[in-house]
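# Structure assessment
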Amino acid sequence: LERMDILNNRNIAVYKTSETTYPRTKPYHPSERFPEIAYDTLSEEPNNTFLSIRETLALLGLDRNNFGKPGWNPFGGFIKTGDTVVIKPNLVSHYNWGYRLGLKDTDSLITHGSVIRAVIDYVVIALAGKGTIIIGDSPIQSSSWPDIMEMIGFKEIKFLFETIFPQVSLQSCDFRLDTAKLSKWGSYRRFEGDINENFIETNLGSTSMLSSITRSDTLFGVMDYSKKRLNETHSISSHKYLFPKQVIEADVVINLPKLKSHSKAGITSALKNLVGINGLKDYLPHFRLGSPTNGGDEYPDTGLLFKIINNISHLEWECTSYLKRSGYNILRRVLKQIYLMTTGQKNEIFSTTAGGWYGNDTLWRTILDINRGFLYTGTNGELNDGNTTEKKYFTLIDGIVGGENLSPLLPTPVRSGLIIAGINPVAVDTVAATLIGFDYRKIPQISEAYNLKEYPLVNFSTTEFKLFSNQGYNSLDDIVMSPDRLNFKPSIGFAGHIEL
């Protein structure tokens, strides 16, 4: 793994545990001794998370000859002393947006701090006590970064490692250039910083997956944002994305997604999690305005009032006056109630707006663009000649508690007991989707990734996977036929369309 062959690495590990709870005591020390961990502090609270991640890395065969010995260094093949390692968890929000529905759980919402902590342990071993670790993400615009850091135990984890290893710097970075505060009426007051030297803009141009659906009259959108910047950065001549320099210049990037269904992409795992390396959300086309009747994929054709409600949403997003935005918001809420009373629908029907349904033909293209941009963009912001061997990248999915239904912001927890890991994100996502009962062939950001000719993400087929599991899985068919296979509930916009 000294020069990682991301596109050709077929190895995927699946570890399943029956202990589907996380430790609560920060900084999440292991609860048993492992020979490779040099310090003596143990937790009195059981920490099955640490054991599960350790076993997953062993299943992958990382530093196989030294497993069980003091010198075991699973990340040593791609991390060396002095490196800068960016860890990208899923830190979407500091609270479950379904709290009004009784959904207060956050274990299914974000990558748990105990997962981040265990991964850091093995990063520090590979760094040999010297280097920089950056934990970064772009949460939803109204999320509180300090509260998220408190949730994952960042302060306690930082103190631990920087005390034991004074030449290791552990940092956190909020990649967002814009934030917002949510009023009691549900309208946003936005605060945006200037694009600065800490960000790299890359242009996929005609190689973008969006190129084939972009015409002079195409209008892209993303929820809660004006379409102005989107349609400046995504046009017939250009398709631009904005990445933090830290991510592009890092020696190694470790992707730590949460295993969840997703209301706009079907599933969120490795590929979707990289959406969070963008500095501004309105660089990210999520849908094309309107319904299929008028050439859009923003929402299904659901009647005139539904269309009017969506049009009012756009008036709100475009409006710069906070008072006017609040007025549009109140009007939209009133019309929603009228729609629900006259149609007998449940409130969940509105999760199919803003691209939240299986007919969304835009977001998957953005997801693939971001992954290609990350792999092929150099430190100068230019796409390279198709060489990915200089990139070092690893994925480990936290599925000990997963999220379903109105996920990603209103997830219902599923105690799935899964850790999934590998080098190639497309292969990892294919396995992850199958494990939760989804058909990867019906999830375009996964299925279409196998068809990329220019700036590819994977160079092998699903029949060539090398699957290692404590469940005896050797192929996708083994998972499909397993009586223990999970069946996550998709969001309402994907229900009946992506399940196996």
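All values reported here derive from a predicted model rather than from experimental measurement.

### As for the nonpolar core
If you look at the biggest cluster of nonpolar residues, it comprises 128 residues, and the most contacted ones within it are Phe75, Ile79, Ile120, Ile254, Phe394, Ile420 and Val431. Looking at this core, the element that brings in the most residues is helix α2 (residues 113-127), giving 10 residues. Residues in contact with Ile120, not counting those within four places in the same chain, are Ile87, Ile133, Ile135, Ile157, Phe161 and Leu170. Tyr299, Phe306, Ile312 and Tyr339 belong to the second-largest nonpolar core, a separate cluster that totals 9 residues.

### Describing a nonpolar patch on the surface
Taken together, the side chains of Ile330, Val334, Ile338 and Met341 make up a nonpolar region of the molecular surface, amounting to roughly 370 Å² of accessible area. In this fold, Val334 is placed in helix α9 (residues 322-343). On the basis of relative accessible area, Val334 is assigned to the partly exposed category, the value being 44%.

### Some points on the packing of aromatic side chains
Scanning the entire structure with this criterion turns up 20 aromatic pairs. With centroids separated by 5.3 Å and ring planes inclined at 50 degrees, the aromatic side chains of Phe75 and Phe78 adopt a geometry described as tilted. The class for Phe75 is buried, based on a relative accessible area of 1%. Owing to a relative accessible area of 1%, Phe78 belongs among the buried residues under this scheme. Measuring from centroid to centroid gives 5.8 Å for Tyr299 and Phe306, while their planes differ by 65 degrees, and the two rings are edge-to-face.

### Section: the environment of His239
Among the secondary structure elements, His239 is positioned in the loop between α5 (230-233) and β9 (240-244). Those residues within four positions of His239 in sequence are excluded, and the remaining contacts are Thr202, Asn203, Leu204, Gly205, Ser208, Leu210, Ser211, Thr214, Thr233 and His234.

### Focus: the packing of helix α8 (residues 304-318) against α9
Where α8 meets α9, the axes come as close as 9 Å, and the angle between the chain directions of the two elements is 165 degrees. As judged from the angle between their axes, α8 and α9 are roughly antiparallel. Crossing of α8 against α9: the hand is left-handed. Seen from α8, the contacting residues are Leu305, Phe306, Ile308, Ile309, Ile312, Ser313, Leu315, Glu316 and Trp317; seen from α9, they are Arg325, Tyr328, Asn329, Leu331, Arg332, Leu335, Lys336, Ile338 and Tyr339. Class assignment for the residues of the contact of α8 with α9 results in 12 nonpolar, 2 polar and 4 charged.

### Describing the pattern of salt bridges
Counted under the stated rule, the structure contains 23 salt bridges. Linking Arg441 and Asp439 is a salt bridge whose minimum nitrogen-to-oxygen distance equals 2.9 Å. With a relative accessible area of 7%, Asp439 lands in the buried category. If you follow the salt bridges from partner to partner, you end up with Arg288, Asp297, Asp361 and Arg365 in one network.

### A short note on unusual backbone geometry
Note the cis peptide between Lys26 and Pro27, where omega equals 10 degrees. Note on placement: Pro27 falls in the loop between β1 (11-16) and α1 (48-59). The step from Ser407 to Pro408 runs through a cis peptide bond, and the omega angle for that step is 20 degrees. Within the secondary structure, Pro408 sits in the loop between β14 (393-406) and β15 (410-414). Despite not being glycine, Ala128 shows a phi value in the positive range, around 55 degrees.

### Some words on helix α4 (residues 154-164)
Where α4 is concerned, the buried positions are Phe154, Ile157, Leu160 and Phe161. Across the axial projection of α4, the buried residues extend over an arc of 135 degrees, all falling on one side. Set apart from the buried face of α4 by more than 90 degrees, the exposed residues are Lys155 and Phe159. Looking at the packing, one finds that the buried side of α4 touches α2, β3 (131-137), α3 (145-152) and β4 (168-174).

### So, α8
The terminal C-alpha atoms of α8 lie 21 Å apart, and with 15 residues this matches the ideal 21 Å at 1.5 Å per residue to within 8%. Restricting attention to buried positions, one finds in α8 the residues Phe306, Ile309, Asn310, Ile312, Ser313, His314, Glu316 and Trp317. Elements in contact with the buried residues of α8: β13 (287-288) and α9.

### Comments concerning the environment of Asn424
Along the chain, Asn424 falls in the loop between β16 (418-422) and α11 (425-435). In sequence terms Asn424 and Thr395 are 29 residues apart; their C-alpha atoms lie 7.6 Å from each other. When sequence neighbours within four positions are dropped, the list of residues in contact with Asn424 reads Ile6, Leu7, Asn9, Leu457, Val458 and Phe460. Engagement of the side chain of Asn424 in a polar contact is seen with the backbone nitrogen of Val426, the distance being 3.0 Å. At a separation of 2.9 Å, a polar atom in the side chain of Asn424 contacts the main-chain carbonyl oxygen of Leu457.

### Focus: the side chain of Ser407
Of note, Ser407 is situated in the loop between β14 and β15. Assessed through its relative accessible area of 0%, Ser407 is described here as buried. In this structure the side chain of Ser407 is engaged in a polar contact, spanning 2.8 Å, whose partner is the backbone oxygen of Ser261. When neighbours within four sequence positions are excluded, Ser407 is seen to be in contact with Lys260, Ser261, His262 and Ser263.

Analysis parameters
Residues numbered from 1 in each chain as written. Predicted model: local features only at pLDDT ≥ 70, side-chain atom pairs only at ≥ 80, totals over all residues. Heavy atoms only, no water. Core = buried A, V, L, I, M, F, W, Y, C linked by side-chain atoms within 4.5 Å. Buried < 20%, exposed > 50% of the residue type's maximum accessible area, 1.4 Å probe, protein only. Helix = DSSP H or I, 4+ residues; strand = E, 2+ residues; numbered from the N terminus. Contact = heavy atoms within 4.5 Å. Patch = residues over 30% accessible without salt bridge, like charges linked within 9 Å, V, L, I, M, F, W, Y side chains within 5 Å. Areas by Shrake-Rupley, 256 points an atom, 1.4 Å probe, with all protein chains shown as cover. Salt bridge = Lys/Arg side-chain N within 4 Å of Asp/Glu carboxyl O. Phe/Tyr/Trp six-rings, centres within 6.5 Å; stacked < 30°, edge-to-face > 60°. Axes fitted to C-alpha atoms, helices over the stretch in contact; angles between N-to-C directions. Parallel < 35°, antiparallel > 145°, perpendicular 65-115°, else oblique. Left-handed = near helix turned anticlockwise from the far one by under 90°. Nonpolar A, V, L, I, M, F, W, Y, C, P; charged D, E, K, R; others polar. Arc of directions from axis to C-beta. Expected span 1.5 Å × (residues − 1). Polar contact = N/O pair within 3.5 Å; in protein donor to acceptor, adjacent residues only side chain to side chain.

In short, shape yes, function no, at least from these values alone.
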